[in-house]
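These are the residues of each chain, in order.
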Amino acid sequence: MFNKNRLRIAMQNKGRLSQDSIQLLIQCGIKINLKKQQLISFSENMPIDVMRVRDDDIPGLVMDKVVDLGIVGENVLQEEKLKRQSRLEKCFYTILQHLDFGICRLSLSIPYRHKYIGIQSFKNSCIATSYPFLLRKYFNDQGINFKFFILNGSVEVAPGVGLSNAICDLISTGATLEENRLQEVEVIHSSRACLISQFGGYVNNEKIILINKLITRIKGVIKARGSKYIMLHAPSSKLEEVITLLQGAERPTISKLAGDTNKVAMHMVSSETLFWETMEKLKALGASSILVLPIEKMME
Ligand code: ATP
Ligand code: MG
């Protein structure tokens, strides 16, 4: 059973977001003993409980205050919001933090063999989707009539078997579309995973402190994942040219090299990775011992 004094987080049980969600908590220093068949897992080192469920249930669990936080795709969140609004049900939540995984888009796609002549092509057509509310909002805003067909999986096969003229589905690389000879023609929603909470109303101050601590750690993890630590030896005479090549890097720390007055050691954090091309240019300037290291944690 959940203890209401502990912070409750809902995340996807099995699916595209589950590994990244759990990895994020681990990188934030939360130790959780996850058991496969267990709905609720307890952290050993922090007052945090994790509930692993289907992603569609996460926004509702947060909005209904069953859990304090949820990690879910914005697509699922928006769909639940539109569904609740259409039923005049309560729908309070806050996006606390956008995350760096689950990046995808909800798009309209049609068979290759059909020529696309703009959004009017969809007039009175039948579209298969798992996201009827997002789809309906998109076409209502454009004033276009259409019909939809709900499929909760394998949406991409619908046009091929004659169930629909088009599909509205999530895409990340586009490989599944290609396999099914479909072309993406309109993006209706861009999505990534996010951390959501109930809308305000925290009575338990300790939970707010813990949530803020967690957000700071999550920000640090995301920043560290997108950053690199760069070390190199650069000719003292070419310092400015070397610095100009390192776009995205903070001003470097420069220190002397024992026994070599022509070169200095440079250390810096960069928000971009160092591409081979840049490393080759650095080498051409006379730089040596160029190292690019991953950063595990960061706090600003
Ligand atoms: P569940 O059984 O939990 O309901 P699901 O089948 O609905 O799972 P998944 O396919 O695991 O969901 O996708 C979960 C989320 O991952 C999506 O809602 C979306 O936010 C994100 N995602 C990222 N890339 C893609 C993609 N290419 N296709 C589908 N979802 C993606
Ligand atoms: Mg789902």
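Reading guide: rules and limits
Residues numbered from 1 in each chain as written. Chains lettered and ligands numbered in written order. Predicted model: local features only at pLDDT ≥ 70, side-chain atom pairs only at ≥ 80, totals over all residues. Heavy atoms only, no water. UniProt positions renumbered as here; feature names shortened; annotations may be inferred. Helix = DSSP H or I, 4+ residues; strand = E, 2+ residues; numbered from the N terminus. Rg over C-alpha atoms; globule rule 2.2 N^0.38 Å. Contact = heavy atoms within 4.5 Å. Areas by Shrake-Rupley, 256 points an atom, 1.4 Å probe, with all protein chains shown as cover. Lys, Arg positive; Asp, Glu negative; His and termini not counted. Charge placed at Lys NZ, Arg CZ, Asp CG, Glu CD. Patch = residues over 30% accessible without salt bridge, like charges linked within 9 Å, V, L, I, M, F, W, Y side chains within 5 Å. Salt bridge = Lys/Arg side-chain N within 4 Å of Asp/Glu carboxyl O. Buried < 20%, exposed > 50% of the residue type's maximum accessible area, 1.4 Å probe, protein only. Core = buried A, V, L, I, M, F, W, Y, C linked by side-chain atoms within 4.5 Å. Domains from an automatic or database assignment. Pairing = 2+ DSSP bridges. Axes fitted to C-alpha atoms, helices over the stretch in contact; angles between N-to-C directions. Expected span 1.5 Å × (residues − 1). Near = heavy atom within 4 Å. Polar contact = N/O pair within 3.5 Å; in protein donor to acceptor, adjacent residues only side chain to side chain. Nonpolar A, V, L, I, M, F, W, Y, C, P; charged D, E, K, R; others polar.

- The protein chain carries the name ATP phosphoribosyltransferase in an unreviewed UniProt entry, which gives Buchnera aphidicola as its organism.
- Looking at the protein chain in UniProt, the text filed under Subcellular location (unreviewed entry) is "Cytoplasm".

### Describing the overall build of the protein chain
No. 1: Broken down by element type, the protein chain carries 8 helices and 15 strands.
No. 2: Here the C-alpha atoms of the protein chain give a radius of gyration of 25 Å, more than 25% beyond the 19 Å that 2.2 N^0.38 yields for 300 residues.
No. 3: Projected onto its principal axes, the C-alpha positions of the protein chain cover 75 × 55 × 35 Å.
No. 4: Across the protein chain, the fraction of contacts at a sequence separation of at least 24, relative to all contacts at a separation of at least 6, is 68%.
No. 5: With the model as given, the accessible surface of the protein chain reaches about 16600 Å², and the carbon-plus-sulfur share is 52%.
No. 6: For the protein chain, the distance from the average site of its 39 positive side-chain charges to the average site of its 30 negative ones is 3 Å.

### Topic: a nonpolar patch on the surface
No. 1: Judged by side-chain polarity, V157, V161 and L163 come together as a nonpolar surface patch covering roughly 240 Å² of accessible area.
No. 2: Note on placement: V161 falls in the loop between β8 (147-150) and β9 (166-171).
No. 3: Overall, the relative accessible area of 60% leaves V161 in the exposed class.

### Quick notes on the nonpolar core
No. 1: Within the largest apolar cluster, 35 residues are counted, with the highest numbers of intra-cluster contacts made by L108, F122, I127, L135 and F139.
No. 2: Secondary-structure elements contributing two or more residues to this core are β3 (48-53), α2 (58-63), α3 (74-86), β6 (104-111), α4 (132-142), β9, β10 (182-191) and β11 (193-197).
No. 3: Of the residues forming this core, the biggest block, 5 residues, is contributed by α4.
No. 4: Structurally, this core is a two-domain feature, drawing no fewer than three residues from each of domain 1 (7-101 + 193-224) and domain 2 (104-191).
No. 5: Core analysis: the next-biggest nonpolar cluster, separate from the first, contains 26 residues, L25, V50, A193 and I215 among them.

### So, the sheet that holds strand β5 (residues 94-98)
No. 1: Taken together, 6 strands build an open sheet; the order of strands is β2-β3-β1-β4-β11-β5 and the sheet is mixed. The sheet terminates laterally at β2 (40-42) and β5, the two strands that pair on one side only. In this sheet, neighbouring strand axes are inclined to one another by 25° on average, regardless of whether the strands run parallel or antiparallel.
No. 2: Bridging between β5 and β11 involves 4 bridges; their strand directions are antiparallel. Each residue of the ladder has a partner; that of I95, found in β11, is I196.
No. 3: Across the face of the sheet, helix α1 (residues 18-27) comes into contact with β1 (7-12), β3 and β4 (69-73) while running at roughly 150° to β1.
No. 4: Those strands touched by α3 are β4, β5 and β11, and its axis lies near 105° from that of β4.

### With respect to helix α6 (residues 205-225)
No. 1: In this model, α6 (21 residues) spans 30 Å end to end at C-alpha, consistent with the 30 Å of a helix rising 1.5 Å per residue.
No. 2: Within α6 the residues assigned to the buried category are K207, L210, I211, L214, I215, I218, G220, V221, I222 and A224.
No. 3: Turning to α6, the residues buried within the fold contact β1, α1, β3, β4, β5 and β11.

### Let's talk about the site of ligand 1
No. 1: Taken together, 18 residues lie near ligand 1, and Q12, D55, D56, N75 and S172 sit nearest.
No. 2: Here an oxygen atom of ligand 1 and a side-chain polar atom of Q12 are 2.8 Å apart.
No. 3: Within the side chain of R54, a nitrogen or oxygen atom sits 2.9 Å from an oxygen atom of ligand 1.
No. 4: Look at ligand 1: alone it shows 620 Å² of surface, and the protein chains cover 78% of it.
No. 5: Where the shell around ligand 1 is concerned, the elements lending two or more residues are α3 and β9.
No. 6: Looking at side-chain class alone, the shell around ligand 1 contains 7 nonpolar, 6 polar and 5 charged residues.

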